[in-house]
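If you want the building blocks of each chain, they are given just below.
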Amino acid sequence: MNYTIANLAFGPMYCDLFLNQHLKSILDETNLPAVSKKHKFEYLIFTDPQSIQKISDHPNIKKLKEHANVLMMKFDENMKFTARYGCLKEMMRISIDYAIKRGGVCSLFVADLVVAQNWFDKVLSKIDEGYDSVISSPMRAAAESAIPVLNQFDRAMNSYDLFALAYIHMHPLWTHSHWKNPQFTNLPYSMLWNSGKGILNRSFSMAPLIFKPIPEMSNCDMLDVDVPKFCKNSYIAYNWDDCPIIGVAPLFCYYP
């Protein structure tokens, strides 16, 4: 199967998250190295001119090239955090068109996503079962407190430990339902309950973490807003272990 992955990484903090946390997790021996012999991976890295050298010289990029064909996709100007949604839309359009030409499946990541061990095997198994996508809502951890813990590992965490990390270091965007947040939305991003046996998330944002791209998706604006309506046979990952992935987001992202 052809598998196209795209990611947006720019600026010191997001490049560090991409290089040292995201890539570390997907390069765990249970992840990309375990499936790259069976599937053909292309990894598109969207960045700005100021970040290309830092990314290209990193040891994890050299490891990534052992398991995927890596392409650097350069935006012409210095990218700013406030312009990220425009950059994500452009990345999505280019990557979906690219993936359609290759055939197979596609994942559109961002720099701060960290996966657990066996993530690729778990989501690809659902594609093998006949689903056209796996849809989930990644937990959000606060980067400032989670990164020192992640730095203690030179591999991906197992799904239980990654959940514990995100739960203990939960981002304020998740811990607070700020109904009239002027920076983001009039709805809470997520609504959480804890029964004592586990955490239940009611989320207004559900993203296809892997999907089969079709031409209608090329005109979409946001992965978690309008792409899901074109996924006709989705596997909804109701259980954490079906798609164990978190976002390690800086505190300035949406808060206060």
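This one's a predicted model, so the numbers in the text were calculated from it and none came from an experiment.

The next point concerns the confidence of the model for the protein. For the protein, mean pLDDT is 90; residues scoring 70 or higher make up 91% of the total. Least confident of the elements in the protein is helix α9 (residues 172-175), whose mean pLDDT is 78; most confident is strand β5 (residues 113-115), at 98.

Let us now look at the nonpolar core. If you look at the biggest cluster of nonpolar residues, it comprises 78 residues, and the most contacted ones within it are Phe18, Tyr43, Leu64, Trp119 and Phe120. Element by element, the count of residues in this core is highest for helix α1 (residues 11-26), at seven residues. Leaving out residues up to four positions away in the same chain, Leu64 has contacts with Leu23, Ile26, Leu27, Leu32, Tyr43 and Val70.

For any two aromatic rings, the description comes down to two numbers: the centre-to-centre distance and the angle of the planes. In this structure the tally under the stated criterion is ten aromatic pairs. Relative to Phe120, the ring of Tyr3 lies with its centre 5.9 Å away and its plane at 70°, an arrangement referred to as edge-to-face. Separated by 117 residues along the polypeptide, Tyr3 in strand β1 (residues 2-8) and Phe120 in helix α6 (residues 119-128) bring together distant segments of the chain. Here Phe120 falls in the buried class, since its relative accessible area comes to 0%. On the basis of an interplanar angle of 90° and a centroid distance of 5.8 Å, the ring pair of Phe41 and Phe120 is categorised as edge-to-face. Taken together, the residues Phe41 in strand β2 (residues 40-47) and Phe120 in helix α6 connect sequence positions 79 residues apart. The buried category is assigned to Phe41, whose relative accessible area is 5%. Here the guanidinium or amino end of Lys126 rests over the ring plane of Tyr235, the centre of that ring lying 4.4 Å away.

Rules used in this analysis
- Residues numbered from 1 in each chain as written.
- Predicted model: local features only at pLDDT ≥ 70, side-chain atom pairs only at ≥ 80, totals over all residues.
- Heavy atoms only, no water.
- pLDDT = per-residue confidence, 0-100.
- Helix = DSSP H or I, 4+ residues; strand = E, 2+ residues; numbered from the N terminus.
- Core = buried A, V, L, I, M, F, W, Y, C linked by side-chain atoms within 4.5 Å.
- Buried < 20%, exposed > 50% of the residue type's maximum accessible area, 1.4 Å probe, protein only.
- Contact = heavy atoms within 4.5 Å.
- Phe/Tyr/Trp six-rings, centres within 6.5 Å; stacked < 30°, edge-to-face > 60°.
- Lys NZ or Arg CZ within 6 Å of the ring centre and 35° of its normal.

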